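Structure at a glance
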Amino acid sequence: PFYLQENEGLVQDICEKYTSNHPSDDEESTTCNLADGIYTTCFTSDENDNSEEHWLQAELDTPASNFYFYIKANLRRADARPTKITVSGSNDGTTFTQIGQPIETGLGDALFFSSDVINCGAAYKYLRFTVNSVNEGNKAFTMSEFYIMPENADVEHCVSTIKKFYGTALYNEA
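So, here is what we can say about the structure in this document. Quantities reported herein were computed from a predicted structural model and do not represent experimental measurements. (Residues numbered from 1 in each chain as written. Predicted model: local features only at pLDDT ≥ 70, side-chain atom pairs only at ≥ 80, totals over all residues. Heavy atoms only, no water.)

Considerations on the overall build of the protein chain
Counting its secondary structure elements, the protein chain contains three helices and nine strands. When the elements of the protein chain are put in sequence order from the N terminus, they spell out α-α-β-β-β-β-β-β-β-β-β-α. Rg of the C-alpha trace for the protein chain: 15 Å, near the compact-globule value of 16 Å for 174 residues, within the 12% margin. Burial analysis of the protein chain (174 residues in total) assigns 47% to the buried set. Summarising the internal contacts of the protein chain: among those between residues at least 6 apart in sequence, 78% fall at separations of at least 24. Accessible area for the protein chain stands at about 8300 Å²; split by element, carbon and sulfur atoms hold 47% of it. Side chains of the protein chain carry 11 positive and 27 negative charges; the gap between the two charge centres is 4 Å. (Helix = DSSP H or I, 4+ residues; strand = E, 2+ residues; numbered from the N terminus. Rg over C-alpha atoms; globule rule 2.2 N^0.38 Å. Buried < 20%, exposed > 50% of the residue type's maximum accessible area, 1.4 Å probe, protein only. Contact = heavy atoms within 4.5 Å. Areas by Shrake-Rupley, 256 points an atom, 1.4 Å probe, with all protein chains shown as cover. Lys, Arg positive; Asp, Glu negative; His and termini not counted. Charge placed at Lys NZ, Arg CZ, Asp CG, Glu CD.)

Structural notes on the nonpolar core
Within the largest apolar cluster, 42 residues are counted, with the highest numbers of intra-cluster contacts made by Y18, F67, F69, V87, F129, F146 and I148. Mapped onto this core, the elements with two or more residues apiece are β3 (54-72), β4 (82-90), β6 (112-114), β7 (118-134), β9 (145-150) and α3 (153-171). With nine residues, β3 is the largest single contributor of residues to this core. Those residues in contact with F69, other than ones at most four positions away along the chain, are I85, V87, I103, F113, S114, S115, I118, F129, F146, Y147 and I148. (Core = buried A, V, L, I, M, F, W, Y, C linked by side-chain atoms within 4.5 Å.)

A few points about a negative patch on the surface
Together, D25, D26, E27 and E28 line one region of the surface with negative charge. With respect to the element layout, D25 can be found in the loop between β1 (18-20) and β2 (43-44). (Patch = residues over 30% accessible without salt bridge, like charges linked within 9 Å, V, L, I, M, F, W, Y side chains within 5 Å. Salt bridge = Lys/Arg side-chain N within 4 Å of Asp/Glu carboxyl O.)

Remarks on the pairing of β3
When β1 meets β3, the two strands line up antiparallel, connected through three bridges. Paired with T19 across the two strands is Q57, which belongs to β3. Both β3 and β7 contribute to a ladder of nine bridges, which runs antiparallel. In the sheet register, A64 faces β7, and the bridge partner there is Y124. In terms of strand pairing, β3 meets β9 through six bridges, oriented antiparallel. (Pairing = 2+ DSSP bridges.)

Digging into the packing of aromatic side chains
Under the criterion given, the structure shown has nine aromatic pairs. Ring centres of F129 and F146 lie 4.8 Å apart, and the angle between their planes is 70°; on these two criteria the pair is classed as edge-to-face. Of the two residues, F129 sits in strand β7 while F146 sits in strand β9, which places them 17 residues apart along the sequence. For F129, a relative accessible area of 1% gives the class buried. An aromatic cluster of three or more residues is present, and its members are Y18, F67, F69, F113, F129 and F146. The ring of Y39 is capped by K72, whose NZ or CZ atom sits 5.0 Å from the centre of that ring. (Phe/Tyr/Trp six-rings, centres within 6.5 Å; stacked < 30°, edge-to-face > 60°. Lys NZ or Arg CZ within 6 Å of the ring centre and 35° of its normal.)

This is the structure in structure tokens:
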């Protein structure tokens, strides 16, 4: 998955183009960690701010109308893994439109999660992933890796291969 992100990812400069409405002030928890290929680093939203749902937002290098996203869970924080995510799109970075229904199936206990292709109906420059719930407790979430990839034959083949490789049992085990 890391090489897929590196070669095909819709966001190449993760440090500059991933943002969160409630980032943690922990220096070891930065959005840069979400595409470093190192599964022991992570991003965690602020555990002390539960005023609203937390989200991760990406500014795409080129607007996209269809895409996949991939999550590698934080191995040390099973309690803050997303269990429900709402995806929204925008072209101005301010006004967002919800894309489809919230995603729940396969999240939470999954060590690795690859979405099915998400069809937006329009091309968007900004994508927002609102974490509606986590495994336990508050609204803070954590992820080790988070990639956004275009819909194309090469990516489809890779995502399919990743899912086959991990299989249903391992793919969903924490």
